[in-house]
Amino acid sequence: MNSSSSSSSSPSSSSKFLDLVSAISQKEVKKILVLFLGLTVSCLLLYKTAYPLPLLDHPSSSSPQTRSKSISFREVLENASTENRTVIVTTLNQAWAEPNSLFDLFLESFRIGHGTLKLLQHVVVVCLDPEAFDRCAQLHPHCYYLETSGTDFSGEKRFATPDYLKMMWRRIELLTQVLEMGFNFIFTDADIMWLRDPFPRLYPDGDFQMACDRFFGDPYNSNNWVNGGFTYVKSNHRSIDFYKFWYKSRLDYPKLHDQDVFNKIKHKAIVSEIGIQMRFFDTVYFGGFCQTSKDINLVCTMHANCCIGLEKKLHDLNLVLDDWRKYSSLSEQVKNTTWSAPMKCL
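Every residue gets a number counted from 1 within its own chain, in the order that chain's sequence is written. For this predicted model, a pLDDT threshold of at least 70 governs which residues receive local features, and a threshold of 80 or more governs which side-chain atom pairs are given and counted, while totals over whole chains, interfaces and linings are taken from all residues. The side-chain quantities take in all heavy atoms of the structure and omit both hydrogens and water.

1. A few points about the sheet that holds strand β5 (residues 192-194)
Piece 1. Strand pairing is assigned whenever DSSP detects at least two bridges linking the two strands. Helix and strand assignments follow DSSP, with helices taken as H or I runs no shorter than four residues and strands as E runs no shorter than two, numbered in order from the N terminus. Across the sheet, which stays open at both edges, the three strands sit in the order β5-β10-β9 with mixed pairing between neighbours. Two strands bound the open sheet, and with one partner strand each, they are β5 and β9 (286-288). The average angle at which neighbouring strand axes cross in this sheet is 20 degrees, direction not considered.
Piece 2. Bridge count for β5 against strand β10 (residues 301-303) is three bridges, and the pairing is antiparallel. If you follow Met193 over to β10, its bridge partner there is Met302. Fitted lines through C-alpha atoms serve as axes, helices being fitted only where they are in contact, and the angles separating the N-to-C directions of these axes extend from 0 to 180 degrees.

Dropping the structure here:
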């Protein structure tokens, strides 16, 4: 009886056991499949990241126009500004951006200057043509392509030619926008070598501070022979109003560039009404080929002013950097300053 009962229950137990094994196996298979699919998707994502497929039938994402549109001028300024919203701005075209041209010397001066390397992160390079933007983007993090319709700014622009005048006034218009966005700025031409940090030499007062071709000893004297290649301007209502008036005045003097127009308007009553406070830099600190710094122990910048022609500028600015390297290798201050330049710019 017992034996018969035991044998009759055996098939039922075996069936339940098999059903249990089958259920467990199905669950495990599902888990394995889910795990396999997850690993497959992860691997595909990693592969795509490491080896992205080329975009077909679309413009190159590395083109200057695409990159300039992906970030606004305000964003470029924000990324480059100091804590007190100050930026260093320069402009660049293809002729000055070519390898071994002025832009390379400009960047090199920051690298070998005293206390200037840290300032490179605050430099915004406004590029006037796509080729300049391409080269800038290879060398510097803060480049902005300023598209200007109807004018080709890529070639060398000789002093006082029509395209040169357009380029100078485009610059004044752009700097007005910088002020309106609430940024203080140092504007520097790219043919200025930065040999020392100039910020300690800026006047604590003065809304508008400008370098000189020739300095006659008084920083308050607007009869100093000014040079617009290096200016420090604080953003406030006075500076904004002055820059707007300056830009508008181009219409009264259509054949003059910005610097000459500045000399025409600086004594006008409206400038006094605006109330802008002007200061002018001593060439000992902010020198150039018009009037070289008399003391290499104090000089901050050297400008290839009073010099027409790219090749002449390149030659003589290379001499300036050579002089600076020799000076920097010395252990003592130099008592008598003698520059090798200007030579071809004489």
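2. Some details on the nonpolar core
Piece 1. If you look at the biggest cluster of nonpolar residues, it comprises 51 residues, and the most contacted ones within it are Leu92, Phe106, Trp194, Leu195, Phe230, Phe289 and Val320.
Piece 2. The element contributing the most residues to this core is helix α11 (residues 310-328), with eight residues.
Piece 3. Whether two residues touch is decided by their heavy atoms; if any such pair falls within 4.5 Å, the residues are in contact. Ignoring any residue separated from it by four or fewer positions in sequence, one finds Trp194 in contact with Ile88, Phe106, Ser109, Phe110, Gly113, Thr116, Leu119, Ile186, Thr188, Phe230, Cys300 and Thr301.
Piece 4. Definition of nonpolar core: a set of buried residues of the types Ala, Val, Leu, Ile, Met, Phe, Trp, Tyr and Cys, connected through side-chain atoms within 4.5 Å. Any residue under 20% of the maximum accessible area for its type is buried, any over 50% is exposed, and the rest in between are partly exposed; the area is computed with a 1.4 Å probe on protein chains only. Of all hydrophobic cores here, the second largest spans 45 residues; its members include Phe73, Met168, Met181 and Phe215.

3. Description of the confidence of the model for the protein chain
Piece 1. Overall, the predicted model of the protein chain reaches an average pLDDT of 84, with 77% of residues at or above 70.
Piece 2. For every residue, the pLDDT score states the predictor's confidence, bounded by 0 at the bottom and 100 at the top. For the stretch residues 1-11, pLDDT sits under 50, and the model shows zero contacts to residues farther than four places along the chain or on other chains.
Piece 3. Counting interchain partners and residues more than four positions distant, the pLDDT-below-50 stretch residues 43-69 has 17 contacts.

4. Let's talk about the state of the cysteines
Piece 1. The disulfide criterion is simple: two cysteine sulfur atoms within 2.5 Å. Summed over all chains, the structure comprises three disulfides.
Piece 2. Across the disulfide from Cys136 sits Cys143; the S-S distance is 2.0 Å. Between Cys136 and Cys143, the S-S dihedral sits near -80 degrees, and the bridge is therefore left-handed. With respect to burial, Cys136 and Cys143 carry one shared label: buried.

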